[in-house]
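Listed here are the chains, written in short residue letters.
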Amino acid sequence: MTTMTIRARALTKDYPRSHRSGAVLTAVAPTDLELAPGSLTVVTGRSGSGKSTLLMMLAGLLTPTAGTVEVEGRDLYALAEGERSRLRNGSIGLVPQGHAALRSLTVLDNVLLPAVIRGDAQPPVARAASLLEDVGLAELAGEYPQELSGGELRRLALARALLLGPAALLADEPTAGLDSENVEVVLAFLRQAADEGAAVLVVTHEAEARTVADRVLTMDGGRLS
Ligand SMILES: Nc1ncnc2c1ncn2[C@@H]1O[C@H](COP(=O)(O)OP(=O)(O)OP(=O)(O)O)[C@@H](O)[C@H]1O
Ligand SMILES: [Mg+2]
């Protein structure tokens, strides 16, 4: 795996508040953050404090109001759309908040999606199957997402995020809805990804996550400390 640092500088997101013209909500106040290879950062904080907004900007999926995200020394949002997508898909594993499986694809094909998007002629089926096994979903490989529980969908999202061995892994509440045994499985995976050299960011309320973190940051009203 190639290693990669994600560096945010004065990264900011304002949202317009529609009920008051001209008013804005600062979801993320100017934030500096570095995610280094081999390290696992946990971000906690109250609902609405700006955690997902920060994570989605770091993932290349939400254009900041101001500031930059540097990946492999390149300014993500200065790249052309296609190039940003390629960089994102190949190097940044994302576990988005909530459910993000495609209903028309089987569980296995959902996990294979990043390889399909990359244009692999031969999708890595054996690796996908082995990841499903690792997260305890081997038996569900041929099912469709509608047949999965919330916790199973979280684990599917993690397997998909890990498929291409991404240099960075950004996970938004990856343990939501999981029993304690599966919380441990998922946290162990995130830790392992960091130990193998990935730059890992985990947004979570799970107290247990502190045990695998190299550092714990708190988001409060858009400010990270
Ligand atoms: N698309 C949007 N348009 C306007 N406001 C938004 C938008 N997305 C988020 N917000 C607001 O930005 C703030 C931060 O939202 P965000 O989703 O980052 O919070 P969070 O910390 O991830 O919360 P949770 O723990 O509930 O997931 C909230 O006040 C939210 O209402
Ligand atoms: Mg959130």
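A brief report on the enclosed structure follows. (Residues numbered from 1 in each chain as written. Chains lettered and ligands numbered in written order. Predicted model: local features only at pLDDT ≥ 70, side-chain atom pairs only at ≥ 80, totals over all residues. Heavy atoms only, no water.)

Description of the coordination of the magnesium ion (ligand 2)
Quick note on the threshold: For Na, K and Ca the donor cut-off is 3.2 Å; for every other metal, N, O and S atoms count as donors within 2.8 Å. Water does not enter the count, which can leave sites looking incomplete. Elements are defined by DSSP. Helices are runs of H or I of four residues or more, strands are runs of E of two residues or more, and each kind is numbered from the N terminus. Only protein chains enter the calculation, and the probe is 1.4 Å; a residue is then buried if its accessible area is under 20% of its type maximum, exposed if over 50%, and partly exposed in between.
For the magnesium ion (ligand 2), the protein coordination sphere consists of Ser52 (OG) and Gln97 (OE1), at 2.0 to 2.3 Å. Here Gln97 lies in the loop between β6 (92-95) and α3 (107-118) and Ser52 lies in helix α1 (residues 51-58), a separation of 45 residues in the sequence. Ser52 gets classed as partly exposed once you look at its relative accessible area, which sits at 23%. Its relative accessible area of 45% is what places Gln97 among the partly exposed residues.

Description of the sheet that holds β6
Put simply, the test is: Note on pairing: two strands pair once DSSP finds at least 2 bridges between them. Contacts were defined at the residue level, with two residues in contact if any of their heavy atoms lie within 4.5 Å. Whenever a helix is involved, its axis is fitted only over the stretch in contact; in every case the axis is a line through C-alpha atoms, and angles between N-to-C directions fall within 0 to 180 degrees.
Spatially, β6-β7-β8-β3-β9-β10 is the arrangement adopted by the 6 strands of the open sheet, whose pairing is mixed. The open sheet has two free edges, formed respectively by β6 and β10 (223-224), since each of these has just one partner strand. Note that β6 and strand β7 (residues 168-172) share 4 bridges and pair parallel. Among the inter-strand pairings, Gly93 is bridged to a residue of β7, identified as Leu169. Against the sheet, α1 touches β3 (40-45), β6, β7, β8 (199-203), β9 (215-220) and β10, its axis set at about 155 degrees to β7. Seen against the sheet, helix α6 (residues 180-195) touches β3, β7 and β8 and runs at an angle of roughly 155 degrees to β8.

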